[in-house]
Amino acid sequence: MADRLYRLGHAAVRRRRLVLALWLALLFATGIAAAVGGGTTSDTFTLPGTESQRAADLLDERFPEQGGSTAQIVVADAAGVDSVGTRAAVGDLAAALRALPDVESVADPYGPDAVAPGDRTVLQFDVTYPMDAVEVPEASYAALVDAVDDARTGDIDVQMGGPVVDAGSEEEPAGTEVIGLAVAVVVLLVTFGSVLAMGMPLVTALLGVAISSSLLALLAAVVDLSSIAPTLAVMIGLAVGIDYALFIVTRHRSNLARGVEVTESIALATATAGGAVVFAGVTVIIAISGLAVLGVPFVTVMGLAAALGVAVAVAVALTLLPALLGFAGRTIDRLRLPGLRLRGEDEASSALGARWARGVTRRPWASLAGGLAVMGVLALPLADVRLAMADAGTQPASTTQRQAYDLVADGFGPGTNGPLTLVVDLRGADDPEAVLAEVTAVAAGTAGVEAVAPAVVNAAGDTAVVTVVPAEGPASAATERLVHDLRGAAFAGAESATGADVLVAGPTAANIDITDKLGGAFPRLLTVVVGLTVVVLLIAFRSVLVPLKAAVAILISIGSALGVVTAIFQWGWLLGLVGLDDTVPIVSFLPTMMFAVLFGLSMDYEVFIMSRVREEHSRTGDPRGAVLTGLASSARVITAAALIMISVFGGFILGDDPVIKMFGVGLSVAVLLDATIVRMLIVPAVMTLMDRAAWWLPGWLDRLLPDLDVEGERVAARVADAAVDTPGAPVGPALEPVGAD
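Quick notes on the rules
Residues numbered from 1 in each chain as written. Predicted model: local features only at pLDDT ≥ 70, side-chain atom pairs only at ≥ 80, totals over all residues. Heavy atoms only, no water. Helix = DSSP H or I, 4+ residues; strand = E, 2+ residues; numbered from the N terminus. Rg over C-alpha atoms; globule rule 2.2 N^0.38 Å. Buried < 20%, exposed > 50% of the residue type's maximum accessible area, 1.4 Å probe, protein only. Contact = heavy atoms within 4.5 Å. Lys, Arg positive; Asp, Glu negative; His and termini not counted. Charge placed at Lys NZ, Arg CZ, Asp CG, Glu CD. Patch = residues over 30% accessible without salt bridge, like charges linked within 9 Å, V, L, I, M, F, W, Y side chains within 5 Å. Areas by Shrake-Rupley, 256 points an atom, 1.4 Å probe, with all protein chains shown as cover. Salt bridge = Lys/Arg side-chain N within 4 Å of Asp/Glu carboxyl O. Pairing = 2+ DSSP bridges. Axes fitted to C-alpha atoms, helices over the stretch in contact; angles between N-to-C directions. Phe/Tyr/Trp six-rings, centres within 6.5 Å; stacked < 30°, edge-to-face > 60°. Lys NZ or Arg CZ within 6 Å of the ring centre and 35° of its normal. Expected span 1.5 Å × (residues − 1). Bend = angle between axes of the 7 residues up to and from the residue. Polar contact = N/O pair within 3.5 Å; in protein donor to acceptor, adjacent residues only side chain to side chain. Core = buried A, V, L, I, M, F, W, Y, C linked by side-chain atoms within 4.5 Å. Parallel < 35°, antiparallel > 145°, perpendicular 65-115°, else oblique. Nonpolar A, V, L, I, M, F, W, Y, C, P; charged D, E, K, R; others polar. pLDDT = per-residue confidence, 0-100.

Looking at this structure, I do not really get the overall build of the protein. What am I missing?
Along the protein, the regular secondary structure elements total 24 helices and 11 strands. Against the compact-globule benchmark of 27 Å for 741 residues, the protein has a radius of gyration of 30 Å, which places it among compact chains. The dimensions of the protein, computed from C-alpha atoms along their principal axes, are 95 × 50 × 45 Å. Within the protein, buried positions represent 55% of all 741 residues. Restricting the contact set of the protein to residue pairs at least 6 apart, pairs at least 24 apart contribute 81%. For the protein, the separation between the mean place of its 44 positive charges and that of its 75 negative charges on side chains is 21 Å.

Next up, the structure:
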């Protein structure tokens, strides 16, 4: 592999104008295509194999009039909504809503159960559209917003919620990645001491993110792409794009400092650091793409979207970056900032990194125990984690959805925000009326049910819908227990006695199904991702214990990061620092997504550090010295890469969406822990204790595995031999480059 990358580096430099032109052409082509034919994100999802999905399919087939989408209108008046003035204002609002484009119907604002009992200060009613929420035209949604805004007066508060409002109010992230980029600029300047060297990783990473974003917009035109997917792809693509370029540029500048000719230096950097980039990128792609085994389409697409961003980042780092380095030549270090001296990769071995490495390898047991103790304490909150899907109750207090949610919860009770839908299949029932009476009675008598609405039967009389209002909110543990109780023993007798089939559905039940499905499939995800990654590392490092050690170490860092997320968002520790007022449950897909993403990203540091350790071990045969040298020479660049990744992820904490905040906190904390305690303490301590056993590989397996020369040892050796044969001359090509003149 190193030979091919070496030739690729040569070709990219020699044909740099063509390479640059092709990437710019791809950038403009994908951008124009996305602008013309790109789709929009959608948070509509299906859950194959779940009860809520079976119910939804049954309603689509037999009861289509139950379809469409709604906007919930909530009106509040502290003096009561029954006054003459408020009734007139609400009547005018309802009339205005009925006249809006695409509105199918508007419920009676003062109909049965529309006004909150007690002091009657709140009422709610629905505006129904005959299409899915994401299909409501922007102009129609804007007209809805204008009508509601016009209805607000000093005495009357009008807020909106429901699927139509959730879909219509989706906004693009507020450019929080700019903060991460600003920090990355500072880190790269300090790392390189040169403006031009700093700019290379930023330019290539931004170009890769722009191309992958355009490709995702095109993908959204043919598949359902959740609103979180593009943000996650940008977050990951930007971070790995900068890091991959950082490693290659660092190796290139080190080669130049040793007197290697420019083109040869770039080719060698592509063959050595580029090999680590390939394996790091492959492990990230494997881990994120492994989400497909969960069987949840929207999570699968989210993972594939992020994997696409990583693949583009790898391609850019291996082709466009060498071309740009070729344009820069030896001027890469000329634009220096006052007070910053140029730094080379080899300097790290004589500074803090070397002293730290010596301390860890001298006291491996103490280092290991200390590192595990810290990680264990941070992971403790994970034992109390509660998973649920986000709803309007987790939105920022300033949003109309959250205000509508709070008004309804205060006036009608928290369960009104998350009603359950019982879909009753009556085809096998002898007496449909008796069946519905029995179902209604059983539901009303189940613990945790606040109210049950009368059944609504379709025209054919073979399907009915019964609305059940829980006593607690949609994200509460009590509502989750209620759903499982209704699906368990509650209706078992009624179904067996009448022949009817009762399905518990609705958005609340669907969210619970997501949580259950993801939790049940997690062991399969763990097996697939860890198994495939261990195989990749086995091939890369030709060791049995190193890949296993890597997998365990990464699982430790993921567990600790999830513990920190639980303590902040669920327990409320330091909640104000992330911009939230109230605690929120951990979103159901966060642990699985974080596992996949972090398992891949953490492998970046594993590959880059261990490739240097293995390179040194192959050269000297001294396992302890290899750990010392590998850690010392990698410490500064790994620290810089981690700071960049943390800043990129941390910038997303400043957004409004609590889910994006969770990802920002989780990913940045995990990278921080992995790059410090795990990579700089636990891993070198374990490698020191394993000694020569770390590189054990059975002979039969050694013969079976392909020798890919990830570290580029053979290429570097041939270059060194060429230098010896021609003393005093700049080091020239050791292999015949592709496209040589």
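Picking up after the structure, the text goes on.
Please explain a nonpolar patch on the surface as it appears in this structure.
A grouping of Leu24, Phe28, Ile32 and Val36 is seen on the molecular surface, where their side chains present a nonpolar patch of about 430 Å² in accessible area. In this structure Val36 comes out as exposed when scored by relative accessible area, which is 72%.

What am I meant to see in a positive patch on the surface here?
A cluster of basic residues, Arg355, Arg358, Arg362, Arg363 and Arg624, forms a positive patch at the surface. With 3 residues, the top contributor of residues to the positive patch is helix H12 (residues 352-362). Positionally, Arg362 belongs in helix H12. Of the residues examined, Arg362 reaches a relative accessible area of 52% and is grouped as exposed.

Hey, could you run me through the sheet that holds strand S4 (residues 157-161) in this one?
Read across the open sheet, the 4 strands follow the order S2-S3-S1-S4; overall the sheet is antiparallel. Bordering the open sheet on either side are strand S2 (105-106) and S4, each of which pairs with just one other strand. One ladder, built from 8 bridges, connects strand S1 (residues 69-76) with strand S3 (residues 122-129); its direction is antiparallel. Within S3, the position partnered with Ala71 by the bridge is Val127. Helix H5 (residues 138-151) contacts S1, S3 and S4 of the sheet and is inclined by roughly 155° relative to S4.

So what exactly am I meant to see when it comes to the packing of aromatic side chains here?
Describing an aromatic ring pair means giving the distance of the ring centres and the angle of the ring planes. According to the stated counting rule, one finds 5 aromatic pairs in the structure shown. When the ring of Phe298 is compared with that of Phe589, the centres are 5.7 Å apart and the planes differ by 85°; the resulting orientation is edge-to-face. With Phe298 in helix H11 (residues 297-328) and Phe589 in the loop between strand S11 (586-587) and helix H20 (590-620), the pair connects residues that are 291 residues apart, well separated along the chain. Across the pair, Phe589 and Phe298 agree in class, each one buried. Here the aromatic rings of Phe595 and Phe599 are separated by 5.5 Å at their centres, their planes lie at 45°, and the arrangement is tilted. Taken as a pair, Phe595 and Phe599 lie in helix H20 at a separation of 4 residues, close to a single helical turn. Here Phe595 falls in the buried class, since its relative accessible area comes to 2%. According to the relative accessible area criterion, Phe599 is buried, its value standing at 0%. Linked through ring pairs, Phe298, Phe589 and Phe663 together constitute an aromatic cluster. The ring of Phe327 carries Arg16 above its face, with NZ or CZ at 5.6 Å from the centroid.

How should helix H19 (residues 545-570) be read in this particular structure?
Each turn of an α-helix holds 3.6 residues, which means side chains three or four residues apart point in the same direction. Helix length check: H19, at 26 residues, gives a terminal C-alpha distance of 37 Å against a target of 38 Å (1.5 Å per residue), a fit within 8%. In terms of residue burial, H19 counts as a mostly covered element, since 21 of its 26 residues are buried. Remark: Gly572 follows H19 within two positions and exhibits a positive phi of approximately 90°.

What is the right way to read helix H22 (residues 658-690) from this model?
The principal kink in H22, of about 45°, is found at Val678. In terms of burial, H22 is largely enclosed, as 30 of its 33 residues are buried. Capping the start of H22, Asp657 holds a side-chain oxygen 2.9 Å from the backbone nitrogen of Val659, two or three residues further along. Just past H22, the residue Asp691 takes up positive phi, approximately 55°.

Looking at this model, I keep getting lost on the nonpolar core. Mind explaining?
One broad rule of soluble globular proteins: the nonpolar side chains tend to lie buried together. Formed by 168 residues in total, the largest nonpolar core has its most connected members in Tyr244, Phe569, Phe589, Phe599 and Phe663. Ranked by residue count, the leading element in this core is H22, at 21 residues.

Would you take a moment to explain the packing of helix H9 (residues 228-257) against H20 for this structure?
Packed helices, taken two at a time, are described by their axes: the angle between them and the distance between them. At a minimum axis distance of 12 Å, the contact between H9 and H20 shows a crossing angle of 5°. Of the possible angle classes, the one that applies to H9 and H20 is roughly parallel. Residues Leu232, Ile236, Val240, Asp243, Tyr244, Phe247 and Arg251 of H9 pack against Met593, Val597, Leu601, Asp604, Tyr605, Phe608, Arg612 and Glu615 of H20. Partitioned by chemical class, the residues of the contact of H9 with H20 number 10 nonpolar, no polar and 5 charged.

Looking at this model, I keep getting lost on the environment of Leu207. Mind explaining?
Along the chain, Leu207 turns up in helix H8 (residues 195-220). On the accessibility criterion, Leu207 (11% relative accessible area) is buried. Each C-alpha atom of the pair Leu207 and Gly241 lies 9.4 Å from the other, and the pair is 34 residues apart in sequence. Among residues more than four places away in sequence, those in contact with Leu207 are Trp23, Leu24, Leu27, Val316 and Leu320.

What is the right way to look at the pairing of S3 in this model?
Look at any regular strand and the pattern is simple: side chains alternate between the two faces of the sheet. Burial analysis of S3 places 7 of its 8 residues in the buried class, the great majority of the element. Sheet analysis places S2 next to S3, joined by 2 bridges and oriented antiparallel. Of the residues in S3, the one forming a bridge with Ser105 is Thr128.

Could you clarify how one ought to interpret the side chain of Ser265 in this entry?
One can find Ser265 in helix H10 (residues 262-289). The class of Ser265 is buried, set by a relative accessible area of 0%. Once residues within four sequence positions are removed from consideration, Ser265 is found in contact with His252, Asn255, Leu256 and Val260.

What's the story with the pattern of salt bridges in this structure? I'm lost.
When their charged atoms lie close together, side chains carrying opposite charge are able to pair. Taken as a whole, this structure holds 13 salt bridges when the rule is applied. Here Asp82 makes a salt bridge to Arg120, at a shortest N to O gap of 2.5 Å. With Asp82 in the loop between S1 and helix H4 (84-98) and Arg120 in the loop between S2 and S3, this residue pair connects regions lying 38 residues apart in the sequence. Among the residues examined, Arg120 registers a relative accessible area of 33% and is labelled partly exposed. Among the ionic pairs, Asp702 bridges to Arg542, the shortest N-O distance being 2.5 Å. With Asp702 in helix H23 (residues 699-704) and Arg542 in the loop between helix H18 (507-541) and H19, the pair connects residues that are 160 residues apart, well separated along the chain. For Arg542, a relative accessible area of 11% gives the class buried. Put simply, Glu51, Arg487 and Asp513 are held in one network by salt bridges that share partners.

Can you help me understand the confidence of the model for the protein in this one?
Close reading of the predicted structure is inappropriate where its pLDDT is low. When the pLDDT values of the protein are averaged, the result is 85; 91% of them are 70 or greater. By mean pLDDT, helix H24 (residues 713-725) is the weakest element of the protein at 58, and S3 is the strongest at 96. Low pLDDT, under 50, characterises residues 345-350; the predicted model gives this stretch 17 contacts beyond four residues in sequence or across chains. This model gives residues 724-741 a pLDDT under 50, and the stretch forms 32 contacts once residues within four places in sequence are excluded.

Got a minute to help me understand unusual backbone geometry in this structure?
Apart from glycine, the bulk of residues carry a negative phi angle, and the bulk of peptide bonds sit in the trans form. Located in the positive-phi region is Arg542, a residue other than glycine, with phi close to 50°. Of note in this structure, Asp691 is not a glycine but carries a positive phi near 55°. Note that Asp691 resides in the loop between H22 and H23. Residue classification places Asp691 among the partly exposed residues on the basis of a relative accessible area of 35%.

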